[in-house]
Amino acid sequence: MKNIEFRTASSAQGGLVVMAGVPGVAAGSRVQLRDHAGRVRSGLVIRSADDAVLVEVFEGTDELDLERTWVRFLDEPFKLPLSRDILGRVFNGAGLPRDGRPPVISADRRDVNGEPLNPAARAYPREFIQTGISAIDGMNSLTRGQKLPIFSGGGLPHNRVAAQIVRQAKLLGEEAAEFVVVFAAFGASHADARFFQESFEESGVLNKVVMFLNLADEPVIERLLTPRAALTAAEYLAFDLDYHVLVVMTDMTAYAEALREVAVLRGDVPARKGYPGYLYSDLAEIYERAGRIKNRRGSITMIPVLSMPSDDITHPIPDLSGYITEGQIVLGRELSNQGVYPPVTVLPSLSRLMKDGIGKHFTREDHPHVASQLFASYAKALEVRGLAAIIGAEELSDADRRTLAFADAFECRFIGQGEDEDRSIHETLNLAWELLSMLPPDALTRVSEEELAKYHKGGEA
Amino acid sequence: MGKILEINGPLVKLELPQTVIGEQIRVGRQGLVGEVIGRDGDTALAQLYEDTAGLRPGETAEGLGWPLSVELGPGLLGAIFDGVQRPLLAMRARSGDRIARGVAVPALPRDKAWHFVPDPARQAGGSLAGGDVLGTVQETESIRHRILTPPLIQGELLELAPEGDYTLDEAIGRVKLADGHIEKLQLFHRWPVRTPRPFRQRDHAVAPLITGQRILDTFYPLLKGGKAAIPGPFGAGKTMLQQQIARWCNAEIVIYVGCGERGNELTDVLESMPELKDPHSGRPLMERTLLVANTSNMPVVAREASIYVGITLAEYFRDQGYDVVMVADSTSRWAEALREVAGRLGQMPVEEGYPAYLGSRLAAFYERAGRVETLAGDHGSVTLIGAVSPPGGDFSEPVTSHTKEIIQTFWALSKELADARHYPAVDWLESFSGYVSSAAKWWAQHVDPNWESARAEALDLLAASEELQRIVNLVGVEALSSEQRWTLEAAGLIKEGLLQQSAIDEVDSFASPEKQFALLAALLEIYRQGMKLVKLGAPARRLIQMPLLAQARRWKSQHSSDDIAALKAKIAAIPAAFEPLLQEYAAPSTPREASS
Ligand SMILES: Nc1ncnc2c1ncn2[C@@H]1O[C@H](COP(=O)(O)OP(=O)(O)O)[C@@H](O)[C@H]1O
Ligand SMILES: [Mg+2]
């Protein structure tokens, strides 16, 4: 069937083409369409019956002339050719070269959809990754194999934060980063893509980066393929070549919007805000490809960037993502406006795997308690700040004033840091104690009495 | 033999006359399995439990003649199954780290022989009825598996094997049915998952399920055989709370169903359970635990089934006379899977895309919980605890609101508490339990006669502090009287010293009922002592500075449940801590002072 061209397109609309009378076409099969101008487009079979086959065309159906469109069914799913040579390369959203170099030739071609990992084969991520960013390392630590998105909003410095993580991430005791990076952009602007490209170049890792780019002005449907192609490359690097892979993807919101667009065309029943009910499962197919596998050396650590529509964390895209990922780093407009970089809003931020990757055997024995205390003290301080706004700071008690001073110092000095400042976890924890010491020991009940005696600058507990 | 007409996502249209809805089917060259969900003349609509990529119209389809069923027998404990009871460890051995399609592996191992001890009460020639115990297999050190007669069998026992080692395929007996038909008995039998297993009658739930979590046991108790829900936005702690319950609760069997959630969470359970000891039996927890996993990246259709697979396994152990707990994380993913099926069948959506029967399906599912008298005359229970994941954390959405009407215990998780890292983030105002008076009898009998009043006193204190906090937020703490400030402080003490409980602190993670009550009594004692002083005119400011308050907040993690004596010693010393202030403020003319 691979070699036969059919010219039976009976309708075309919004990226979907119906082919009449092609019996026995495999579901999910890849398709090649040649239009009247000789341009080749690619697509996928999304419904197949003997009398009608529905094809989704990545490049869209604009200017398709039904009578002059020739269609071949390639009889296999969308596959990505893989070899060591993908490192340093730039591909489009469908995995074709866009760096002007020849295509990757390899007998090893894999279905971009992957196969679900058997939960019994996973190895639980426990290795602490030091990003050098206090708000992350100290309070929302990242571990190798984790999926930890950055929830952000328009105009916030998520790209700079992601780039800083890529530059600085390392395991404790490790000198330089031994990661390779898979970078996928979908719906991103050219400026964003260039920013990352230059940042990789500057840190001299370009030959350890694979890029998959589908930019804002490029075919929307191709976005559904882009993260899958990128993750197929990541899985190959991690589980065949033993690399520790850091996957940075931006922007999940553009991905979800593309999915909604296609769902509407297909006539799927919408759930919330017009997004299809399967958005959750579809996002999970992507996010869950992060992780570690027993008896394999490599790992996939994932940092998706997601811009929250109208900064609303309850919007279906961040909401469903948060239900799947292993926490989230939330960037906030308020801190950003105050000039704090990175503007990590710590309270709604969370790392679910932190509890298993920090403490005595991993970072420092006081780390879990310190983190918990920072959260508690800062949450308390924000209440006081709210009160001060109502009754006026003059009316506050001494204790409350101390708490306010702590909040300010915490935001400026602990959360805030330089874009090139790479703090060790010890520096981060010592800084935390310095700030906690602004509060009386009796107010610090989440750390132990021994820890207070050892680290609190105010002396005895 | 039928054939495939159309493939559309997980849905296939088949030419398959005479099939019935619910029948299992096998299609295509790879032998993918699924179930029929609709019929129209000779065509049937089916959904597959596996990805349909590569299937073609024209490929074969066959009905298997039975509905989705599970295998029930030795080999269940310690296992991890997928949503249609395929054994994931065996699958990994067979097809590697990724779940390959079309792999058929029996749920229970066929090569393993189990040591069967027949029940002396069963004699050849005697009558045999469904649910009767044929004998036992010591499956793990702590669990004796009772081999049950399949529920629908009724007849004469012709033969029962002597004590010895048998595999699942071997016969351990024969029974002659009423119609003269002779049937082979084995160590296992099958049961369709969507049909509740029969029992003699429902029983009243009598004992609380002790989870070792203070806010649950002491404030919002659940009974063995009860139904509970844990709603909460993402990150609020639903999974951790369910894992804590799975680890520490005093059930005999725990079924953990991961329904549409993270793979790593199951890995976590799989890796940690064998290392942890059951505080009640001292044995590794994995010996009493069984996992059903359809993670969020596994096919959605099997997700809908996984909940039924889990509850059927739970009922099976109940029928052996065990107290079983099933935790389901998350029932919302199941409801969403239901919504997808409904959408594909073109059924009219009523709210947020959910079909009209969402409420009745949920209710019917939760009805499978309960304490019962089994067919064999024993008592067993299934306690059902479902997590609910409301979109945007909005409890008024359909799954949460329907569930709330069905269950008796509601552990509402709050984003605000979780954000401040107050764990477990169970909201003490939103949560409720309909089992308090039954639980009170148990606590009075086994722990302390004052449990109910102490609990009520603490809850009153928390409610009062909520009011006061509102005032403080408007006008500042200075506006409060000393009495009110002390109330606020004491409520803070209860929150931090009692309600907050760290799952990752080795000592704090589990609290026995005795420890729970001791802490509650201690903190209330501090409250009362302080109140006495405030009433004597001591300013709250002085009390709040007492080092005792910071110390008491740490007691929970300083004394384990085996170390109640030390805790009690600290409690006995509470009045002494207040003594200096009492000396200062008690008027010299009061009779008590005069006599001292
Ligand atoms: N009882 C607890 N003790 C300590 N940490 C907790 C507790 N409950 C929740 N957490 C923290 O909150 C995080 C999120 O909890 P989780 O149960 O995964 O939330 P959910 O299932 O509601 O999304 C956990 O990873 C853990 O860090
Ligand atoms: Mg969860």
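The model shown is predicted, which means the values in this text are computed figures rather than measured ones.

### Some remarks on the domain arrangement of chain A
Size of an interface: often given as the accessible area lost when the parts come together.
Residues and elements named next belong to chain A.
Here is step 1: Assigned domains within chain A: domain 1 (5-76), domain 2 (80-357) and domain 3 (367-455).
Here is step 2: At the interface, 10 residues of domain 1 touch 9 residues of domain 2.
Here is step 3: Carbon and sulfur atoms make up 62% of the surface buried where domain 1 meets domain 2, a total of about 860 Å² over both sides.
Here is step 4: On the domain 1 side of the contact with domain 2, L16, E56 and F58 bury the most area, a combined 52% of that side's loss.
Here is step 5: R109 is paired through a salt bridge with E76; the nearest N and O atoms lie 2.6 Å apart.
Here is step 6: Scanning the region where domain 1 abuts domain 2 turns up 2 residue pairs in polar contact (both at pLDDT 80 or more).
Here is step 7: Each residue belonging to the side of domain 1 that touches domain 2 can be placed in one class, and the counts come to 4 nonpolar, 2 polar and 4 charged.

### Considerations on the side chain of E287(B)
Here is step 1: For E287(B), the position within the fold is in the loop between helix 4 (263-272) and strand 21 (289-294).
Here is step 2: Among the polar contacts listed, one links the side chain of E287(B) to the side chain of R283(B), at a separation of 2.6 Å.

### Some remarks on the pairing of strand 20 (residues 327-330) of chain A
Residues and elements named next belong to chain A.
Here is step 1: Burial along strand 20 is two-sided: the face carrying G327 and I329 and the face carrying Q328 and V330 are both buried.
Here is step 2: Relative to strand 20, strand 13 (residues 150-152) runs parallel, the two being bridged by 2 bridges. Across the sheet, F151 pairs through a bridge with V330, a residue of strand 20.
Here is step 3: Where strand 20 lies against strand 21 (residues 350-351), 2 bridges are found, and the strand directions are antiparallel. Within the sheet, the bridge partner assigned to G327 lies in strand 21 and is S351.

### Observations concerning the packing of aromatic side chains
Here is step 1: Counted according to the given criterion, the structure contains 24 aromatic pairs over all chains.
Here is step 2: Seen from their ring centres, Y308(B) and W334(B) are 6.0 Å apart, and the 75 degrees between their planes marks the pair as edge-to-face. Of this pair, Y308(B) sits in helix 5 (residues 300-318) while W334(B) sits in helix 6 (residues 331-344), and the two are 26 residues apart along the sequence.
Here is step 3: With a relative accessible area of 8%, Y308(B) lands in the buried category.
Here is step 4: The buried category is assigned to W334(B), whose relative accessible area is 0%.
Here is step 5: One aromatic cluster is present, built from ring pairs that chain together F183(A), F195(A), F196(A) and F200(A).
Here is step 6: It is R333(B) that lies over the ring of Y280(A); its NZ or CZ is 3.8 Å from the centre.

### Quick look at the pairing of strand 12 (residues 144-148) of chain B
All names here are of chain B.
Here is step 1: Bridge count for strand 11 (residues 133-138) against strand 12 is 5 bridges, and the pairing is antiparallel. Counted as the bridge partner of Q138 is R144 from strand 12.
Here is step 2: Between the antiparallel neighbours strand 11 and strand 12 lie 5 residues.

### Details of the packing of helix 10 (residues 367-391) of chain A against helix 11 (residues 451-475) of chain B
Here is step 1: Two numbers describe how helix 10 of chain A lies on helix 11 of chain B: the axes approach to 7 Å, and their chain directions differ by 55 degrees. Relative to helix 11 of chain B, the element helix 10 of chain A lies oblique. Facing helix 10 of chain A, whose interface residues are E383(A), L387(A), I390(A) and I391(A), helix 11 of chain B presents Q469(B), V472(B), N473(B), L474(B) and V475(B).
Here is step 2: Broken down by class, the residue content of the contact of helix 10 of chain A with helix 11 of chain B amounts to 6 nonpolar, 2 polar and 1 charged.

Reading the values: the criteria
Residues numbered from 1 in each chain as written. Chains lettered and ligands numbered in written order. Predicted model: local features only at pLDDT ≥ 70, side-chain atom pairs only at ≥ 80, totals over all residues. Heavy atoms only, no water. Domains from an automatic or database assignment. Contact = heavy atoms within 4.5 Å. Buried area = accessible area lost by both parts, 1.4 Å probe. Salt bridge = Lys/Arg side-chain N within 4 Å of Asp/Glu carboxyl O. Polar contact = N/O pair within 3.5 Å; in protein donor to acceptor, adjacent residues only side chain to side chain. Nonpolar A, V, L, I, M, F, W, Y, C, P; charged D, E, K, R; others polar. Helix = DSSP H or I, 4+ residues; strand = E, 2+ residues; numbered from the N terminus. Buried < 20%, exposed > 50% of the residue type's maximum accessible area, 1.4 Å probe, protein only. Pairing = 2+ DSSP bridges. Phe/Tyr/Trp six-rings, centres within 6.5 Å; stacked < 30°, edge-to-face > 60°. Lys NZ or Arg CZ within 6 Å of the ring centre and 35° of its normal. Axes fitted to C-alpha atoms, helices over the stretch in contact; angles between N-to-C directions. Parallel < 35°, antiparallel > 145°, perpendicular 65-115°, else oblique.

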